[in-house]
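Chain by chain, the residues run as shown.
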Amino acid sequence: ATPISVVAGTNNALKHGILIRESRAIELSPGIKVVAFDKTGTLTRGRFEVISVFGDEKTLYYAAIAEGGSEHPIAKAILERAREVYGEVPSAESYDSVPGMGVITQWNGLTIGVGNEKLIKGFEARINPEIENKANDSVGEGFTVVYVIVNNEVSGAIALGDSPRPEAPMVISELRRMNIIPMMLTGDNTEAAKVVAKKLGIDYVYSGLMPDEKAEVIKELRDKFGITVMVGDGVNDAVALKAADIGIAMGAGTDIAKSVGDVVLLDSDLTKILSFIKLSRKILSNIR
Ligand code: ADP
Ligand code: MG
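The paragraphs below set out a description of the structure included in this document. None of these values were measured; they are calculated from a predicted model.

Turning to the environment of T105, a few remarks are in order. Looking at where T105 falls in the secondary structure, it is placed in strand β5 (residues 102-107). For T105, a count of 23 C-beta atoms within 10 Å puts it in the buried group. Distance in space between the C-alpha atoms of T105 and E67 is 8.3 Å, their sequence separation being 38 residues.

See the structure below:
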């Protein structure tokens, strides 16, 4: 039977905006060794803004057509900018998404893909050196860059920026003070990951990860360090959230992340992670 103090404590957590779906999360919390954060939408606001577009003049237009079926923050930013420029954007005939890589669509006899280098490789698409150089410069500045592929050629690239959540640095330093190692696990490129990690004071960064690889990293961290928490918001985080000892889903996250989270933050305030740990400790001290 669940001790009465756990029930009371869970109710109290709910009043603080923290939904504890698995009471095991409470029991494990005093021993947490690692908190691994997803980047986009978790450590950052997940609200991208188009910074620049290069290549063929139809790049933004094609990109917006392909992103019409995606809910990814990158897609939202591209559609927003395209609507400012073009007004309406046509619907495509089909939408497919490849988590961790991008989207693929069919429109007007063209196959259009929008995504990272892995998607270019998948398409075996050609890229002209001018686009490649500009894209690499943006990556070096810490921007997230997606390529727009039309049939077998990269027509251009789009650089996007996203900002860290304001409370993130404080949460990271507080975790460190509790002797918990903060880490970052992201599907984004190494440079963009490092720029954000440096701003936040995170020393351990795993980048360019596919969804399954995030889960693999979580398993390795559990073996190496012990009790490991994963915090995430995306479709691409679901497997890793499940693989962790405690999966924490962000309130503004996708339904799939929230359905697998042991703990769900009812909004996306990262300080609630600290509250969860403190409340759990209080609940346990009331049992003992
Ligand atoms: P994160 O782990 O930081 O939340 P994601 O796994 O969501 O990142 O995405 C990883 C990468 O996959 C993105 O940086 C982007 O390159 C590519 N990607 C994912 N979804 C899309 C999309 N809808 N459009 C373009 N690129 C995408
Ligand atoms: Mg994310």
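After that view, the rundown keeps rolling.
Here the focus is the sheet that holds strand β12 (residues 246-249). Read across the sheet, seven strands follow the order β1-β13-β12-β11-β2-β9-β10 without closing on themselves; strand pairing throughout is mixed. At either margin of the open sheet sits one strand with a lone partner, and together these are β1 (18-20) and β10 (204-206). On average, each strand axis in the sheet is tilted by 20° relative to the strand beside it, whichever way the strands run. Across three bridges, strand β9 (residues 181-185) lies against β10 in parallel orientation. Bridging across to β10, M183 finds its partner in Y204.

Right, let's get into the site of ligand 1. For ligand 1, the set of nearby residues contains 23 residues, the closest of which are T40, H72, G102, N116 and G187. Of all elements in the fold, only α3 (39-43), α5 (73-86), β5, β6 (110-115) and β7 (144-150) reach the threshold of two or more residues within the shell around ligand 1. In terms of residues, the shell around ligand 1 owes the most to one element, α3, which gives three residues. Residues belonging to the shell around ligand 1 are distributed by class as follows: six nonpolar, 13 polar and four charged. Two domains share the shell around ligand 1, each providing at least three of its residues, namely domain 1 (4-44 + 164-287) and domain 2 (49-161).

Mapped onto the elements, A8 comes out in helix α1 (residues 4-15). Classification of A8 as exposed rests on a count of 12 C-beta atoms within 10 Å. The sequence separation of A8 and A244 amounts to 236 residues, and the corresponding C-alpha distance is 25 Å.

A separate point is the pairing of strand β8 (residues 153-161). With seven of nine residues buried, β8 is to be regarded as a mostly interior element. The pairing of strand β3 (residues 49-55) with β8 spans six bridges and is classified as antiparallel. When the bridges of β8 are listed, S52 appears paired with A159. One ladder, built from seven bridges, connects β7 with β8; its direction is antiparallel.

Turning our eyes to something else, we now look at the nonpolar core. Ranked by size, the top nonpolar core spans 94 residues in total, and within it V35, A36, V148, I158 and V229 carry the most contacts. Residue contributions to this core reach at least three from each of two domains, namely domain 1 (4-44 + 164-287) and domain 2 (49-161). Dropping the residues within four chain positions of it, I158 is found in contact with V50, V53, T59, L60, A63, I78, V146 and V148.

Of the two faces of β12, the one lined by I246 and I248 and the one lined by G247 and A249 are each fully buried. Inspection of the sheet shows strand β11 (residues 228-232) paired to β12 by four bridges, in the parallel sense. Within β12, the residue paired with V231 across the bridge is I248. Chirality of the crossover, the property in question, places the unit of β11, helix α11 (residues 238-243) and β12 among those that are right-handed. Here two bridges tie β12 to strand β13 (residues 263-265), and the two strands are oriented parallel to one another. Residue pairing across strands places A249 opposite V264, the latter belonging to β13. In this fold, the crossover linking β12 to β13 by way of helix α12 (residues 255-260) has right-handed handedness.

The rules behind each value
- Residues numbered from 1 in each chain as written.
- Chains lettered and ligands numbered in written order.
- Predicted model: local features only at pLDDT ≥ 70, side-chain atom pairs only at ≥ 80, totals over all residues.
- Helix = DSSP H or I, 4+ residues; strand = E, 2+ residues; numbered from the N terminus.
- Buried ≥ 20, exposed ≤ 12 C-beta atoms within 10 Å, placed from the backbone.
- Pairing = 2+ DSSP bridges.
- Axes fitted to C-alpha atoms, helices over the stretch in contact; angles between N-to-C directions.
- Near = placed C-beta within 6 Å.
- Nonpolar A, V, L, I, M, F, W, Y, C, P; charged D, E, K, R; others polar.
- Domains from an automatic or database assignment.
- Core = buried A, V, L, I, M, F, W, Y, C linked by C-beta atoms within 7 Å.
- Contact = placed C-beta atoms within 7 Å.
- Right-handed = clockwise from strand over helix to strand, strands pointing away.

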